[in-house]
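Each chain, written out:
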Amino acid sequence: MNHNPLRFSNLQILIASLGLLLVSACNHRRTYAEPTGDTIPASAFMPLPADTIPDINLKDITGFDFPKFKIKSQNVIAFDSLSIAADEEEPSSGNYAATLLFDSIPSPSFYAKINQRAAIDTCWKIKNDFYVYQKKDKQGGKYKLSFFKGSQQMEIQHLNADLMK
């Protein structure tokens, strides 16, 4: 008589099934625990306000002295194709657009100095009183600064090298 050790009788299968059902039913309430709340508050993960503002030094970017200005607004530049969630990005990561406001409308001598600089610096493009400065940074990122003559507002953008591909 050949005895196959892997062959089970219907009674053995029924007993094993009932045993698993009984263990599952008895432990059902013990496996779930009510949430007790956050162990770490969400505020611990929020960026500090001072960490979200990049240092915008137009002299470092352009090599030219600009009149005093303030940052009016900043936005993160994040593309849908990036794996990083947009709400996790901060302007301090380097991909940002900002609106800057001069404290006062620059004098005509300011624009005259930029016109002289544009004659020797190919990063400056001037067309119909619209000034644009575009330059790559040392890490391969790109700055773009633009403003109209006589306006108090400037726009600046910076993209890191990884977004330049």
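Residues numbered from 1 in each chain as written. Predicted model: local features only at pLDDT ≥ 70, side-chain atom pairs only at ≥ 80, totals over all residues. Heavy atoms only, no water.

Peer 1: It is not clear to me how the sheet that holds strand β5 (residues 142–148) should be interpreted in this structure. Could you clarify?
Peer 2: Through backbone hydrogen bonds, the strands of a sheet pair up, either in parallel or in antiparallel fashion. Taken in spatial order, the six strands line up as β1-β2-β6-β5-β4-β3 in an open sheet, and their pairing is antiparallel. Only two strands of the sheet have a single partner each, and these edge strands are β1 (69–76) and β3 (124–127). Each neighbouring strand pair of the sheet contributes to a mean axis angle of 15°, computed without reference to strand direction. Relative to β5, strand β4 (residues 130–136) runs antiparallel, the two being bridged by seven bridges. The residue of β5 that forms the bridge with Q134 is K144. (Pairing = 2+ DSSP bridges. Helix = DSSP H or I, 4+ residues; strand = E, 2+ residues; numbered from the N terminus. Axes fitted to C-alpha atoms, helices over the stretch in contact; angles between N-to-C directions.)

Peer 1: Looking at this model, I keep getting lost on the pairing of strand β2 (residues 96–102). Mind explaining?
Peer 2: It is a general feature of regular strands that their side chains alternate between the two faces of the sheet. Along β2, five of the seven residues are buried, which leaves the element largely enclosed by surrounding structure. As defined by bridge partners, β2 adjoins strand β6 (residues 153–159) across six bridges and the pair is classed as antiparallel. Across the sheet, residue A97 finds its bridge partner in β6, namely Q157. (Buried < 20%, exposed > 50% of the residue type's maximum accessible area, 1.4 Å probe, protein only.)

Peer 1: Looking at this structure, how should I read the pattern of salt bridges?
Peer 2: Where side chains of opposite charge bring their charged atoms close, a pairing between them can arise. All chains considered together, the criterion is met by two salt bridges. Linking D65 and K59 is a salt bridge whose minimum nitrogen-to-oxygen distance equals 3.1 Å. (Salt bridge = Lys/Arg side-chain N within 4 Å of Asp/Glu carboxyl O.)

Peer 1: I would appreciate a short explanation of the nonpolar core in the present structure.
Peer 2: Grouped burial of nonpolar side chains is what soluble globular proteins tend to show. Among the nonpolar cores identified, the biggest contains 20 residues, and L58, F66, F110, L145, F147, M154 and I156 are the most heavily contacted of them. Sorting the residues of this core by element identifies α2 (58–62), β2, α3 (108–120), β4, β5 and β6 as the ones contributing at least two each. In terms of residues, this core owes the most to one element, β2, which gives four residues. Contacts of L58, omitting those with residues within four sequence positions, involve G63, F64, F66, F69, L100, L145, M154 and I156. (Core = buried A, V, L, I, M, F, W, Y, C linked by side-chain atoms within 4.5 Å. Contact = heavy atoms within 4.5 Å.)

Peer 1: Just to check I follow, could you spell out α3 for this structure?
Peer 2: Given 3.6 residues per helical turn, the α-helix brings residues three or four places apart onto the same face. Of the residues making up α3, those classed as buried are F110, Y111 and I114. Buried residues of α3, seen end-on, are gathered within an arc of 90° and therefore sit on one face of the element. Turned more than 90 degrees from where α3 packs its buried face, P108, Q116, A119 and I120 sit exposed. (Arc of directions from axis to C-beta.)

Peer 1: Would you mind showing me how to read the packing of aromatic side chains here?
Peer 2: The geometry of an aromatic ring pair is captured by two quantities: the separation of the ring centres and the angle between the planes. Under the defined criterion, the tally for this structure stands at 14 aromatic pairs. Summarising the aromatic geometry, the rings of F64 and F66 are spaced 5.7 Å apart at their centres and angled 85° between planes, so their arrangement reads as edge-to-face. F64 sits in the buried class, given a relative accessible area of 7%. For F66, a relative accessible area of 15% translates into the label buried. Counting every residue linked through ring pairs, the aromatic cluster contains F64, F66, F102, F110, Y111, W124, Y131, Y133 and F147. (Phe/Tyr/Trp six-rings, centres within 6.5 Å; stacked < 30°, edge-to-face > 60°.)

Peer 1: Any chance you could explain the environment of V76 here in plain terms?
Peer 2: Checked against the element boundaries, V76 lands in strand β1. With 18 residues separating them in the primary sequence, V76 and G94 have C-alpha atoms 8.5 Å apart.

Peer 1: Whenever I open this one, unusual backbone geometry confuses me. Can you help?
Peer 2: For residues that are not glycine, phi is negative in most cases, and the peptide bond is trans in most cases. For N128, which is not a glycine, the phi torsion comes out positive at approximately 50°. One can find N128 in the loop between β3 and β4. Its identity as a non-glycine residue notwithstanding, D129 has a phi of 65°, on the positive side. Take D129: it is sitting in the loop between β3 and β4.

Peer 1: Mind showing me how you'd approach a nonpolar patch on the surface here?
Peer 2: Together, L11, L14, I15, L18 and L21 give the surface a local cluster of nonpolar side chains, amounting to about 530 Å² of exposed area. For L14, the location among the structural elements is in helix α1 (residues 10–27). (Patch = residues over 30% accessible without salt bridge, like charges linked within 9 Å, V, L, I, M, F, W, Y side chains within 5 Å. Areas by Shrake-Rupley, 256 points an atom, 1.4 Å probe, with all protein chains shown as cover.)

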